[in-house]
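# Tertiary structure, described
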Amino acid sequence: MSQYLQPYQERYPHLFAPITIGSQVFKNRIISAPQSMNNLVTPEGYFTLDAAIHYGCKAKGGAAMITTGEARISLLNGSGHSNQINLCDETTLRSLNQFSDFLHIYGAKVCIELSHSGQWALPQYNGGRNPMGPSAKTMPNGNICEEMTEEDMDYVAGCFAQTAVMAKRGGADMVNIHGGHSWLLSQFVSPLENQRKDKYGGSLENRARFPIMVLDRVRQAVGRDFLIEYRISTSELIEGGMEVDESVEFVKMIEDKIDIIQCSVGSRRNSVSRGVMHPVHFMPQGCNVYAAEAMKKAGIKIPVATVGGINDPELAERILAEGKADLIAMARSFVADPNWGEKARAGKAEDIRPCIRCMRCADIGGGRVNTGTKVILQDFKTATRHIECSVNPNHGRAWMEPHLQTTGIHKKIVVVGGGPAGIQAAVTASKMGHEVVLYERSGRLGGQLVHADDVDFKHDMVRYREYLVRQAGKSGVTIHLNTEATPERVRLDNPDAIIVAVGAESAVPPIPGVNGKNVMTALDYRAHIGEVGQTVAIVGGGMVGCETALQLAREGREVELIEMTDMLAADSTFTERLLTLHYLEHDYDPSTAMHLHETDGIKTRVRQHMNTRCLEITPEGVKVAGPDGEKTLRADTVILAAGMRSRAQIRDSFYGAAYDVIPVGDCVRPGNLYKANRSGYDAALNLSTREVF
C-alpha cells in the first residue's frame, strides 16, 4: 500500500471523498472560496501571470474547485472596487482560457464569481454614474442610490447571463453568483435594505423575485451542465436584516435553480460584521458553520458549503462527518499555505502553515484604511496593490523564482535569535542546503510569540508559533537553547554568514515614577500576573496596549487605557482594528464572539482616554493631561505599552564577525510578524542566490 493512501483514508475519509454535482465530479470536498487580490488582473480586467500562479497553486495544493475574485458584469454600473475581472469584453477570453487550462491540469474545477455591488457601487468605477439598488437612499459614504426600475432589473439580469456565458467560453466549469455580503441580490432579499412598495418588496416571496429572475436567466443561458453556486449571507448580523430561518426559506425557493449554496454571513451596513464575514482571530474557528448546518437540518437537497475561519483539517473532517455541510470553503488558508489540501491528504497536517486570520492579505493591498467603525472606507490613493501574508513570506512573489536560482554553494550560517525572523531565516537556509546553527538565549523558541499563550483570542498565533518550532526541529538546524551568542562565541563556529535576529525590547518612556514597584511592561505582565491589581492603567493604545486591555478586562479587571493620539490600534490592519474597537466597547466573550448584534449595551471594563498624555506615575495611579485637563487615574498597577526599541547595540556588535552579517526582524526596526518573516526569508535568499567572487 502507498505510504500516502492510509493517512487520508483513515484520518479524513469525508474530506477527501469525491462528490458528484450535476455532471461534474469534484475530487474532494475542499473548495477555494472567492478572494480578490488586487494585482491579479490588469486595469483592463485581464488575468495576469500572477493570477495563474496564485490560483494555480491552490489547485496544485489540493483544492477541488478554485473560485476567482469578483468579475464585473457590466461596464455601466455595479462595480464597488477596481481591478475586477472584465467579462464584458471578449478580449478577456484569451487570458481566461489560459488560466482555466492551467488549473485543469490539477483536476480542479474553475469557478468565476459574478457580482454587482448595487447600492454600494462607486461612481468612480462606473463612469460617474450613481449606484442603483432596490430602494432610493443616501448611502453612508454620501453617494445617492437610485431605485431600480424593471428595465434596470431586466438589464442587470441579462448582464449576469451574458457574463456567465463568457465564463463558460473561457473554460470555467461553473460560476458563483454573489448573493451575499450586501451586494445587489442580497440587498433585494434583505428586509432592512429593500423598502420597495411594489411586487419586488415586502414579503420574502416579493423580495426574492429579482434574484430568481437573475438565476432563471443565467440557467437559460448556460444550460444544465454548467454549475451555478449561490453565495448568501445566511444572517446579516444586523437588527432588521436577514436571519437564518428566513434565509432557509429563500434557499428553498431557489434550490432547483442552483447546484450549490454557499453559506456566509454579514452585512456592509454593519461594518463590524466584516470580522465575522471573514473571521478574524477573535472568532472561534468555524464560527459560521451554524449557517450551513441550518440548511442541512431544513432538508435542503443541493450540496451545502460552509465558509469562514476553517483552517484545520481535523475541524473540516468533523464538520463533514457530523453532516453540518457537504463542502468546506476556505480562502486565506490557501494564502497561508497553498499546499493545505495535499499536506492534509498525505497525513502531514502538522506541516500546514496555519493562517493567523490577521486579514493582511485582504486589507493592506486594497487600501483599506484604519478609520472609524461605522463605515468601511478605502483609500485607493494609498493602496499598494501588493499581496501580503503575515505567515507566508513567499506569497505573491512567485514571479521572482526564475531570478532566484541558488548558486549551489553551501555555506555555514549562524542565526542569532530564535524568534520568528530567526526561525524563518534558519529553516529557509537549511532547506537551501546550508549548514545552519541557531542560538537562542532563552529556554524556548518563538520570541515574542510566546506571549500569546495566555491570551484568550490568540490561539491562532499559538498554533503558528508551534508550527515554527516544529519546522525548526525537522529542518536539520542545530539549535542551542539557553545560550547567549556573542561575537566571540560565534567566531568559533567559523561561519560564512551571520543572520542577526536579536529582536527588540520594551521602550520605557521618561515618565517620572516609571521605575515604581507598581509598574511593569506589557511584555512582562503575564509572567507576573499574580502581582497585577484589580485596577490597571495601560500607557499606550497601540495594538499591544489594546489587546492587553481586552485580556485584563476579560479576566475581570477594571482598565484605564491611555493613548497620546486620537486613534487606538493605529498599527493594526483595518478589519482587526474594527473588531478590537468593538470589543473595547463591548467586553469580549469568545463564546458569543460571532453574535455582534447581540453585544450592544454590554458594559465594558475598559475606559478609553485618547489625546491624553501621561505626566507622572505614582503609587496611587497615573497623573494625565487630556481634553478635560489634568487628573489622576486610580490604578493598582501601571502597564507600559509604549512601543519597542531595537537592540541596536547587540545587533551592531556582530558586524565584522563573518564575511556576511545580515540583521533581520525587530532588531532592524520594530515591526510586525509580516516584516519579521519576510526579512528572515529574504536573508536566506540573499545568501543562497548571490554569487560569491
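Reading the values: rules and limits
- Residues numbered from 1 in each chain as written.
- Predicted model: local features only at pLDDT ≥ 70, side-chain atom pairs only at ≥ 80, totals over all residues.
- Heavy atoms only, no water.
- Helix = DSSP H or I, 4+ residues; strand = E, 2+ residues; numbered from the N terminus.
- Rg over C-alpha atoms; globule rule 2.2 N^0.38 Å.
- Buried < 20%, exposed > 50% of the residue type's maximum accessible area, 1.4 Å probe, protein only.
- Contact = heavy atoms within 4.5 Å.
- Areas by Shrake-Rupley, 256 points an atom, 1.4 Å probe, with all protein chains shown as cover.
- Lys, Arg positive; Asp, Glu negative; His and termini not counted.
- Charge placed at Lys NZ, Arg CZ, Asp CG, Glu CD.
- 1 Å grid on protein atoms, 1.4 Å probe; cavity = no way out; pocket = protein on both sides within 12 Å on 5 of 7 lines; lining within 4 Å.
- Points joined across faces, edges and corners; volume = space filled by probe spheres on them.
- Nonpolar A, V, L, I, M, F, W, Y, C, P; charged D, E, K, R; others polar.
- Axes fitted to C-alpha atoms, helices over the stretch in contact; angles between N-to-C directions.
- Parallel < 35°, antiparallel > 145°, perpendicular 65-115°, else oblique.
- Left-handed = near helix turned anticlockwise from the far one by under 90°.
- Phe/Tyr/Trp six-rings, centres within 6.5 Å; stacked < 30°, edge-to-face > 60°.
- Lys NZ or Arg CZ within 6 Å of the ring centre and 35° of its normal.
- Expected span 1.5 Å × (residues − 1).
- pLDDT = per-residue confidence, 0-100.
- Pairing = 2+ DSSP bridges.
- Salt bridge = Lys/Arg side-chain N within 4 Å of Asp/Glu carboxyl O.
- Core = buried A, V, L, I, M, F, W, Y, C linked by side-chain atoms within 4.5 Å.

### Side note on the overall build of the protein
Check the secondary structure of the protein and you find 21 helices and 29 strands. Relative to the compact-globule value of 26 Å for 693 residues, the protein shows a C-alpha radius of gyration of 26 Å, a close match. The C-alpha extent of the protein, read off along each of the three principal axes, is 75 × 65 × 50 Å. Within the protein, the proportion of its 693 residues that are buried is 61%. Of the contacts formed within the protein by residues at least 6 apart in sequence, a portion of 71% connects residues at least 24 apart. In the form shown here, the protein has an accessible surface area of approximately 26900 Å², with 49% of it arising from carbon and sulfur atoms. In the protein, 74 positive and 81 negative side-chain charges are present, and the distance between their average locations comes to 2 Å.

### Here we look at empty space enclosed by the protein
Once rolled over the atoms, a probe with the size of a water molecule shows which space is left empty. Tallied over the entire structure, the rule returns three cavities of 30 Å³ or more. Considered as a void within the structure, the largest cavity measures approximately 90 Å³ in volume. Per-element accounting of the lining of the largest cavity gives the leading share, three residues, to helix H12 (residues 332-336). Grouping the constituent residues of the lining of the largest cavity by class yields nine nonpolar, one polar and three charged. If you trace the second largest cavity, you find it lined by Gly179, Ser186, Val189, Ser190, Ile232, Ser233, Glu236, Met242 and Phe250. Contributions of two or more residues to the lining of the second largest cavity are made by helix H5 (184-189) and strand E11 (227-233). Per-class residue counts for the lining of the second largest cavity are four nonpolar, four polar and one charged.

### A look at the packing of helix H8 (residues 244-254) against helix H10 (residues 289-297)
Where H8 contacts H10, the two axes come as close as 10 Å, and the packing angle between them is 50°. With respect to their mutual orientation, H8 and H10 come out oblique. Of the two elements, H8 crosses H10, and the hand of that crossing is right-handed. The residues of H10 that touch H8, namely those facing Val244, Ser247, Val248 and Val251, are Tyr290, Ala294 and Met295. Tallied by class, the residues present in the contact of H8 with H10 amount to six nonpolar, one polar and no charged.

### Concerning the packing of aromatic side chains
The full count for this structure, using the stated rule, is 10 aromatic pairs. Judged by centre distance (5.6 Å) and plane angle (90°), the ring pair of Tyr55 and Phe99 falls under edge-to-face. Of this pair, Tyr55 sits in helix H2 (residues 49-60) while Phe99 sits in helix H3 (residues 92-104), and the two are 44 residues apart along the sequence. Both residues of the pair, Tyr55 and Phe99, belong to the buried class. Ring geometry for Phe188 versus Phe210: centroids 4.7 Å apart, planes at 50°, classification tilted. Placement of the pair is Phe188 in helix H5 and Phe210 in helix H7 (residues 209-222), with a sequence separation of 22 residues. Assessed through its relative accessible area of 0%, Phe210 is described here as buried. Of the aromatic side chains, those joined through ring pairs into one cluster are Phe47, Tyr55 and Phe99. Between the NZ or CZ atom of Arg268 and the centre of the ring of Trp183, over which it lies, the distance is 3.8 Å.

### Looking at the packing of helix H15 (residues 420-431) against helix H21 (residues 673-689)
Contact geometry of H15 with H21 gives a least axis separation of 7 Å together with a crossing angle of 30°. For the element pair H15 / H21, the angle class is roughly parallel. For the crossing formed where H15 meets H21, the hand is right-handed. Here Pro420, Ala421, Gln424, Ala425, Thr428 and Ala429 of H15 come into contact with H21, specifically with Leu673, Ala676, Asn677, Ser679, Gly680, Tyr681 and Ala684. Of the residues assigned to the contact of H15 with H21, the class counts are eight nonpolar, five polar and no charged.

### Some points on H7
Taking 1.5 Å per residue, 14 residues should reach 20 Å; H7 reaches 20 Å between its end C-alpha atoms and fits that length. Lining the buried residues of H7 we find helix H4 (150-169), strand E10 (174-179), H5, helix H6 (204-207), E11 and H8. In the stretch just after H7, Gly223 is the one whose phi turns positive, near 85°.

### Here's the deal with the confidence of the model for the protein
Taken residue by residue, the protein gives an average pLDDT of 91. The fraction at 70 or more is 93%. Contacts for the low-pLDDT stretch residues 372-378, under 50 throughout, to residues beyond four places or in other chains number 20 contacts.

### Points about the sheet that holds strand E24 (residues 613-618)
Pairing is antiparallel in the open sheet, where three strands are placed in the order E24-E25-E26. In this open sheet, the two strands that pair with only one neighbour each are E24 and strand E26 (629-634). For this sheet the average axis-to-axis angle between neighbouring strands, irrespective of direction, equals 25°. Summarising the sheet, strand E25 (residues 621-626) and E26 pair through six bridges and their orientation is antiparallel. Within E26, the residue paired with Lys623 across the bridge is Thr632.

### Describing the pattern of salt bridges
This model, assessed by the stated rule, comprises 38 salt bridges. Its salt-bridge partner being Asp259, residue Arg219 comes within 2.8 Å of it at the nearest N-O pair. Pair noted here: Arg219 is in helix H7 and Asp259 is in the loop between H8 and strand E12 (260-264), with a separation of 40 residues, a long-range link. When sorted by exposure, Arg219 lands in the same class as Asp259, which is buried.

### Digging into the nonpolar core
The tendency in soluble globular proteins is for nonpolar side chains to be buried as a group. Core analysis: the biggest nonpolar cluster contains 123 residues, and Phe210, Tyr230 and Ile261 have the highest contact counts within it. Considering each element in turn, this core owes the most residues, eight residues, to H4. When residues no more than four places from it in sequence are discounted, the contact partners of Ile261 are Tyr230, Ile232, Val251, Ile300, Ile302, Pro303, Val304 and Ala305.

### Digging into unusual backbone geometry
Here the phi dihedral of Ser182 falls at roughly 70°; this positive angle occurs in a residue that is not glycine. One can find Ser182 in the loop between E10 and H5. Accessibility expressed as a relative area gives 1% for Ser182, which makes it buried. Positive phi, normally seen in glycine, also occurs at Asn482, with a value near 55°. For Asn482, a relative accessible area of 59% puts it in the exposed group.

### A short note on the sheet that holds strand E16 (residues 435-439)
In space, the five strands of this open sheet follow the order E17-E16-E15-E18-E29, with parallel pairing throughout. In this open sheet, the two edge strands, each paired with only one partner strand, are strand E17 (478-480) and strand E29 (660-663). Put simply, the sheet's adjacent strands are angled 15° from each other on average, direction ignored. Where strand E15 (residues 412-416) and strand E18 (residues 497-500) come together, four bridges link them in parallel fashion. Following the sheet pairing, Ile413 is matched in E18 by Ala497. H15 rests against E15, E16 and E18 of the sheet, and its axis sits at about 165° to E16. The strands touched by H21 are E15, E18 and E29; relative to E29, the strand with the most contacts, the crossing angle is about 160°.

### Section: H3
With 13 residues, H3 extends 18 Å from end C-alpha to end C-alpha; this agrees with the ideal 18 Å at 1.5 Å per step. Where H3 is buried, its residues meet H2, strand E4 (65-72), strand E5 (85-86), strand E6 (109-115) and H4.

### Observations concerning the pairing of E25
Note: E24 against E25, five bridges, orientation antiparallel. Considered in E25, the bridge of Glu616 is made with Lys623. What sits between the antiparallel neighbours E25 and E26 is a turn of two residues.

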